[in-house]
Amino acid sequence: MKNFNPADNIQDLQYFGEFGGVNPSISDSSTYTFLSAKTMFDTFEGNMEGCYLYSRHSSPSNLYLDQALAAMEGTETANVSASGMGAITPTLLQLCGAGDHIVSSRTIYGGTYAFLKNFTPRFGIETTFVDITKLDVVEAAITSKTKVLYCETVSNPLLEVADIRGLSAIAKKYNLKLVVDNTFSPLSVSPAKLGADIVIHSLTKYINGSSDTVGGVTCASKEFINSLKNVNSGASMLLGPTMDSLRSASVMKNLRTLHIRIKQHSHNAHFLADQFEKDGLKTVYPGLKSHPSHELYKTMINPEYGFGGMLTIDVGTLEKANELMELMQKRNLGYLAVSLGFYKTLFSAPGTSTSSEIPLEEQKEMGLTDGLIRFSIGLDNDIQRTYEMMKSCMVDLGVL
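Residues numbered from 1 in each chain as written. Predicted model: local features only at pLDDT ≥ 70, side-chain atom pairs only at ≥ 80, totals over all residues. Heavy atoms only, no water.

If you look the protein up in an unreviewed UniProt entry, it shows as Aminotransferase class I/II-fold pyridoxal phosphate-dependent enzyme from Flavobacterium procerum. Per its UniProt entry, the protein bears the Cofactor (unreviewed entry) comment "pyridoxal 5'-phosphate". (UniProt positions renumbered as here; feature names shortened; annotations may be inferred.)

A. View of the overall build of the protein. Counting secondary structure elements, the protein contains 15 helices and 12 strands. Relative to a compact globule of 400 residues, whose C-alpha radius of gyration would be 21 Å, the protein shows 21 Å and is just as compact. Seen along its three principal axes, the alpha-carbon backbone of the protein occupies a region of about 75 × 55 × 40 Å. For the protein, the residues scored as buried account for 55% of the 400 residues in total. As displayed, the protein has an accessible area near 17400 Å², and 51% of this comes from carbon and sulfur atoms. (Helix = DSSP H or I, 4+ residues; strand = E, 2+ residues; numbered from the N terminus. Rg over C-alpha atoms; globule rule 2.2 N^0.38 Å. Buried < 20%, exposed > 50% of the residue type's maximum accessible area, 1.4 Å probe, protein only. Areas by Shrake-Rupley, 256 points an atom, 1.4 Å probe, with all protein chains shown as cover.)

B. Broad picture of the side chain of R374. Take R374: it is sitting in strand 12 (residues 372-376). Buried and unpaired, R374 has no salt bridge, with E152 as the nearest side chain of opposite charge at 8.1 Å. (Lys, Arg positive; Asp, Glu negative; His and termini not counted. Salt bridge = Lys/Arg side-chain N within 4 Å of Asp/Glu carboxyl O.)

C. Fine view of the pattern of salt bridges. With the rule as written, the count across this model stands at 10 salt bridges. Measuring nitrogen to oxygen at the nearest pair gives 3.6 Å for the salt bridge that ties K320 to E323. In this pair, K320 and E323 both sit in helix 13 (residues 318-330), three residues apart, roughly one turn of the helix. E323 sits in the partly exposed class, given a relative accessible area of 30%. The salt bridge involving D396 is made with R331; its shortest N-O contact spans 2.8 Å. Of the two residues, D396 sits in helix 15 (residues 383-396) while R331 sits in the loop between helix 13 and strand 10 (335-336), which places them 65 residues apart along the sequence.

D. Structural context of the sheet that holds strand 9 (residues 310-314). Judged by pairing direction, the sheet is mixed, and its five strands sit side by side in the order 8-9-12-11-10 without closing on themselves. Both outer strands of the open sheet, strand 8 (282-284) and strand 10, are each paired with one neighbouring strand and no more. With three bridges connecting them, strand 8 and strand 9 associate as antiparallel partners. By the bridge assignment, T283 is partnered in strand 9 with I313. (Pairing = 2+ DSSP bridges.)

E. Broad picture of the state of the cysteines. In total, this model carries zero disulfides according to the counting rule given. C151 carries a free sulfur, and the closest cysteine sulfur to it, the one in C96, is 15 Å from it. (Disulfide = S-S within 2.5 Å.)

F. How the structure looks around unusual backbone geometry. That bond from N156 to P157 is cis: its omega, 5°, falls within 30 degrees of zero. A positive phi angle is found at N175, which is not glycine, with a value near 60°. Here N175 is to be found in the loop between helix 7 (164-173) and strand 5 (177-181). For S211, which is not a glycine, the phi torsion comes out positive at approximately 50°. Along the chain, S211 falls in the loop between strand 6 (198-202) and strand 7 (216-220). Judged by relative accessible area, which is 39%, S211 ranks as partly exposed.

Written as structure tokens, this is what we have:
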């Protein structure tokens, strides 16, 4: 990834509003006029650049954000959607049909797991869930019907790291598409530069960063994005997970500060992870030398953005986890809430929240314990103060 800096690519984009504004004008229209019927026909057939037909297909505001996110990930283009799942589900349905097979990481976002486990079988699409950190296991799961390898750069919620270069080599060997959800690691990792074919984000999280918007994006080649948006056969076009223009404009504004926020999220999370581990807590964070994939992850990241803002600790039981989260919320240390990337710390017990779609026996098999707490560490100015307050909560409850 030498000479590729995603924040520089975002910085170098420059748009002018309709009247010379420093922000691009917001196109708050669902449909667009034409001076000739021929132009409308050509636009409908996808043969006209710079003309707009209907906002479910595309809009100027969405295309501005498409360009910015493609520049960030280093792909030819992108397609924003109304949610992260609104990016994931059409992407996989575009790649697979009846009789096809997917090999997926076993530790992924609960909604994605539920889609692959419970929903796609209705359409004759089967999925094998594997330990994505074991390349031999991944390769052994591939069949003649496999079309896709699917993973998260850093998995939700166990923070396992996918070897994207290794997975890319396997995908190329068997002519598969490698789809990577990079929601936990924007800027820190650039999967397309490591060999991923398609990169997905939930914009709801770090990229927007203010927990006021739901959105998603698929970053890929022009050929694939055009297939997603095809009026006759495109999954995004026909399923209709369209992002609203006002939301696109909001995400675009927040994207500009992503590099500053990611650095602070990473700094704070690394500090807390170091302290928690020294205190004897079972702590998982990719920046710790104790993380099984620490050395691998070091070779994948853009170092200035750090190891990310997500960490987990295990306090033994769900009862103790709930007590600790409730006390931390009471003392203004953050919110007992799902999601991530907010300016305040968010914490939840994944087994009963974001990963609750995964059956209990499978949670146990993958190491998702009752006492696990997932933290999305915030932008706290004085992280030493935060640590001391968190430690006080843990001491008061007998966790430490």
